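Notes for the structure review
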Amino acid sequence: MSAPVRTRIAPSPTGAPHLGTAYMALFNLAFARKHGGQFILRIEDTDRQRSSTESEQAIFDALRWTGIEWDEGPDCGGDFGPYRQSERLDLYEQEINRLLKQEDAYRCFCSAERLNEVRARQMAEKQTPRYDGHCLSLSAEESIKRAENEPFVVRMKIPQSGQCTFVDELREEVSIDWAQIDHQVIRKTDGFPTYHLANVVDDHHMQISHVIRGEEWISSTPKHVLLYQYFGWDAPTFAHLPLLRNPDKSKLSKRKNPTGIFYFRDAGYLPEALINYLGMMGYTLPDQREIFSLGELSDTFDLKRISLGGPIFDLAKLKWLNGRYLREKLPAEEVVERLQAWKANPDFLGKIMHLALQRLETFSDFFPLAQFLLSEQPEYDVETLCGKLSPDQPAKLLKIAEWELEKATPWDRDTLSSIFQKIAETEDIKLKQLMPLFFVAMSGSAISLPLFDGLALLGPDLTRMRLRRALEILGESGNGLSKKGLKSLEKEYASRYGNRID
RNA sequence: GUCCCGUUCGUCUAGCCAGGUCAGGACACCGGGUUUUCAUCCCGGCAACAGGGGUUCGAAUCCCCUACGGGACGCCA
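Residues numbered from 1 in each chain as written. Chains lettered and ligands numbered in written order. Predicted model: local features only at pLDDT ≥ 70, side-chain atom pairs only at ≥ 80, totals over all residues. Heavy atoms only, no water.

Re the overall build of chain A
For chain A, the count of helices and strands is 20 helices and nine strands. For 502 residues, the compact-globule formula gives about 23 Å, and the C-alpha radius of gyration of chain A, at 26 Å, lands near that figure. Projected onto its principal axes, the C-alpha coordinates of chain A cover approximately 80 × 55 × 35 Å. Each of the 502 residues in chain A was classed as buried or not, and the buried ones make up 50%. Restricting to contacts in chain A with at least 6 residues of sequence separation, those with at least 24 account for 75%. Accessible surface for chain A amounts to roughly 24500 Å². Of this, 50% is attributable to carbon and sulfur atoms. (Helix = DSSP H or I, 4+ residues; strand = E, 2+ residues; numbered from the N terminus. Rg over C-alpha atoms; globule rule 2.2 N^0.38 Å. Buried < 20%, exposed > 50% of the residue type's maximum accessible area, 1.4 Å probe, protein only. Contact = heavy atoms within 4.5 Å. Areas by Shrake-Rupley, 256 points an atom, 1.4 Å probe, with all protein chains shown as cover.)

Following this line, the structure appears as structure tokens:
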């Protein structure tokens, strides 16, 4: 008589849709399907600064592209909506007030300055940074009164001692001392709930039965468990999956890997191969077959078969798999159709033609010119890349461009153009001298189609990989950035461009 | 720093829960064959139980310690 299985994926619409989202979605979906349950997409847009509707749309598009489908979500509705947290504020407010009334939470009026001081002192004394409970002693009357004209946050109370023990489906019991847990803010000054509160409230109200999420959440699970207790709700079953890793074993990051789902689309991978590959990261089907569809994964899916070591995302194996799909799973006619839908269509070729036309004498001239827009990565040697620049310059300029391009919104010709002009100015170098480097990094040749238009067509994900590849080539030839050089460049960049690297 | 999680070939992993196979498969790499080239395909090879201590007739498998790796420690999620 167990409750129906309902799983969810809860991405926040900040930045480009991440591979990790597809990875978690895949297992949530497979689990739901296996048990005849529902899979829900919920948008966690409680960060007002960083959330955007473009990003939300991109999540829909990216997941749809991979072939992952959700039963309920902001775009398709469902019986437990709305599925966008920014549309559920009343519910959170009501639940927060309940916690306040129960005295399981309290208002905190501490200033950011004071909190920073406290944190700095604790760090200096090598303690775990934690709220010191300053506002905990406020009386109910005083708290309410001050709230009328002072900004405040709401924090949840945490037991003074003892530990929280919860069951993770994949590792049995996990225990964490309450002393490790901070008095988590559950309502921000702007009135929005934080992740922890909204997540628990929504999972309950949406009747989520299994929370299958990344390992990074293990340490905050006690907060969630405690919230369920405060509310008097049954907690869902938790299962924390390993995190995808970079080749150096750190958590997969776009600094070291392509992590945007669109990278794979734009670089010419098949969604079914990508999904298949993600499915074999940390998981094997009972019969150990390596080529399988989402449906086949779902039919036999068993959470317990997940292996806990964080798998390294290996492009080489993904490519091999993609090749097998291309030559074994799809008929040639369909490959042609897919190829057309990819970039060999009038729309995309038209955009390139717009740039190439003046440079054509015959049709034969077209594809060589367009090649860099149709390939994953052009080839060139380090001499071509460096051109007339002094040896220490290319790496520095490429790195700065990589950082500056992070901020390019929208990703269009004019934005890109102004970014490169800014770099030229700040570095006190003529744009004309600066450009050959980027022409080569992007197209493999100093002579190519207009760069900014080209980059605009290429998109941020492919562009980033090309910059990185150029940096890699420089590194191999001994002209790269040393660890130290990178550090000092970061500092220099922060002061000169007024921007931090995060 | 503190806490939590993890650890089988370079990489993805099977085997572990219910101790007993030359520790199996795949990618990558190397060699050979097929192919007018290349790729595909086929055959072969290289290569791992992190270390130490227990329990046991017997440990990759169970227990403990150490090391290493990762994650978390935000009014981000």
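Next comes the rest of the description.
Concerning the sheet that holds strand E7 (residues 185–187)
Within the open sheet, the three strands sit side by side as E3-E4-E7. Their pairing is antiparallel. The sheet is open, and its two borders are formed by strand E3 (105–108) and E7, each paired with just one other strand. In this sheet, neighbouring strand axes are inclined to one another by 45 degrees on average, regardless of whether the strands run parallel or antiparallel. (Pairing = 2+ DSSP bridges. Axes fitted to C-alpha atoms, helices over the stretch in contact; angles between N-to-C directions.)

Points about the protein's contact with RNA strand B
The full set close to RNA strand B counts 49 residues, and Thr46, Lys188, Thr189, Gly282 and Glu290 are the nearest of them. Per the 4 Å cut-off to the protein, sugar and phosphate atoms form 82% of the nearby atoms of RNA strand B. Take isoleucine 312: an N or O atom from its main chain is 3.0 Å from a phosphate oxygen of RNA strand B. Of all elements in the fold, only strand E6 (172–177) and helix H11 (315–329) reach the threshold of two or more residues within the surface near RNA strand B. (Near = heavy atom within 4 Å. Polar contact = N/O pair within 3.5 Å; in protein donor to acceptor, adjacent residues only side chain to side chain.)

What to know about helix H19 (residues 451–476)
For H19, built from 26 residues, the straight-helix expectation of 38 Å at 1.5 Å per residue is missed by more than 12%, its first-to-last C-alpha distance being only 25 Å. Along H19, the helix axis deviates most sharply at glycine 459, where the bend reaches about 110 degrees; the proline proline 460 sits within four residues downstream. H19 sits mainly inside the fold: 20 of its 26 residues count as buried. One or two positions beyond H19, positive phi appears at glycine 478, with a value near 85 degrees. (Expected span 1.5 Å × (residues − 1). Bend = angle between axes of the 7 residues up to and from the residue.)

Some words on the pairing of strand E1 (residues 6–9)
Of the two faces of E1, the one lined by Arg6 and Arg8 and the one lined by Thr7 and Ile9 are each fully buried. Here E1 runs beside strand E2 (residues 38–41); their pairing, made up of four bridges, is parallel. Within E2, the position partnered with threonine 7 by the bridge is phenylalanine 39. Crossover connection from E1 via helix H1 (residues 19–34) to parallel E2: handedness right-handed. (Right-handed = clockwise from strand over helix to strand, strands pointing away.)

A few points about the nonpolar core
Leu278, Phe313 and Phe438 are the most contacted members of the largest nonpolar core, which totals 112 residues. Top contributing element to this core by residue count: H19, with 12 residues. Leaving out residues up to four positions away in the same chain, leucine 278 has contacts with Leu19, Ala22, Tyr23, Leu26, Phe27, Leu244 and Phe313. (Core = buried A, V, L, I, M, F, W, Y, C linked by side-chain atoms within 4.5 Å.)

Some remarks on the packing of aromatic side chains
Aromatic ring pairs: the centre-centre distance and the angle between the two ring planes describe each pair. Evaluation of the coordinates by the stated rule reveals 19 aromatic pairs. A centroid spacing of 5.2 Å and a plane angle of 80 degrees characterise the contact between tyrosine 277 and phenylalanine 313, whose relative ring orientation is edge-to-face. Note that tyrosine 277 is positioned in helix H9 (residues 271–279) and phenylalanine 313 in the loop between helix H10 (294–300) and H11, a separation of 36 residues in sequence. According to the relative accessible area criterion, tyrosine 277 is buried, its value standing at 3%. Classification of phenylalanine 313 as buried rests on a relative accessible area of 2%. Members of the aromatic cluster, each reached through a chain of ring pairs, are Tyr263, Phe264, Tyr269, Tyr277 and Phe313. In this structure, arginine 155 is placed above the aromatic ring of tyrosine 131, and the distance from its NZ or CZ to the ring centre is 3.8 Å. (Phe/Tyr/Trp six-rings, centres within 6.5 Å; stacked < 30°, edge-to-face > 60°. Lys NZ or Arg CZ within 6 Å of the ring centre and 35° of its normal.)

Regarding the environment of serine 482
Topologically, serine 482 is positioned in the loop between H19 and helix H20 (483–497). Along the chain, serine 482 and serine 307 lie 175 residues apart, while their C-alpha atoms are 36 Å from each other.

Remarks on the domain arrangement of chain A
Split into domains, chain A comes out as domain 1 (6–74 + 245–326), domain 2 (88–235) and domain 3 (382–497). Of note, the centres of domain 1 and domain 3, computed from C-alpha atoms alone, are 30 Å apart. Here domain 1 and domain 3 share an interface that buries about 830 Å² over both sides, 53% of which is from carbon and sulfur atoms. Three residues, Lys254, Arg255 and Tyr263, lead the burial of domain 1 against domain 3; their summed loss comes to 64% of the area buried on that side. Inspection of the domain 1/domain 3 interface yields one salt bridge. (Domains from an automatic or database assignment. Buried area = accessible area lost by both parts, 1.4 Å probe. Salt bridge = Lys/Arg side-chain N within 4 Å of Asp/Glu carboxyl O.)

A short note on the state of the cysteines
Applying the stated criterion across every chain yields a total of zero disulfides. Of all cysteine sulfurs, the one in cysteine 135 lies closest to cysteine 110, which takes part in no disulfide; the gap is 3.5 Å. (Disulfide = S-S within 2.5 Å.)

A short note on the pairing of strand E9 (residues 237–241)
Most of E9 sits out of view: four of its five residues are buried. As judged from the five bridges shared by strand E8 (residues 210–214) and E9, these two strands associate in the parallel manner. The partner of glycine 214 across the bridge, within E9, is leucine 241. For the crossover from E8 across helix H7 (residues 221–231) to E9, the handedness is right-handed.

With respect to the side chain of lysine 343
Its place among the elements puts lysine 343 in the loop between helix H12 (332–342) and helix H13 (346–356). Here lysine 343 is buried and forms no salt bridge, its nearest opposite-charge partner aspartate 266 lying at an N-O distance of 5.6 Å. Here the side chain of lysine 343 touches leucine 373 through a polar contact of 3.4 Å, landing on its backbone oxygen. Setting aside chain neighbours within four positions, we find lysine 343 in contact with Asp266, Phe348, Leu349, Leu373, Leu374 and Leu462. (Lys, Arg positive; Asp, Glu negative; His and termini not counted.)

Section: the layout of surface pockets
Taken as a whole, the second largest pocket encloses approximately 890 Å³ of empty space. Taken together, 30 residues line the second largest pocket, and the ones lying closest to its centre are Arg255, Lys256, Arg468, Leu471 and Glu472. Listed by contribution, the elements that provide at least two residues to the lining of the second largest pocket are H11, helix H16 (393–406), H19 and H20. In terms of residue count, H19 provides more of the lining of the second largest pocket than any other element does, six residues in total. Of the residues contributing to the lining of the second largest pocket, the split by class is 13 nonpolar, six polar and 11 charged. The two domains that each donate at least three residues to the lining of the second largest pocket are domain 1 (6–74 + 245–326) and domain 3 (382–497). (1 Å grid on protein atoms, 1.4 Å probe; cavity = no way out; pocket = protein on both sides within 12 Å on 5 of 7 lines; lining within 4 Å. Points joined across faces, edges and corners; volume = space filled by probe spheres on them. Nonpolar A, V, L, I, M, F, W, Y, C, P; charged D, E, K, R; others polar.)

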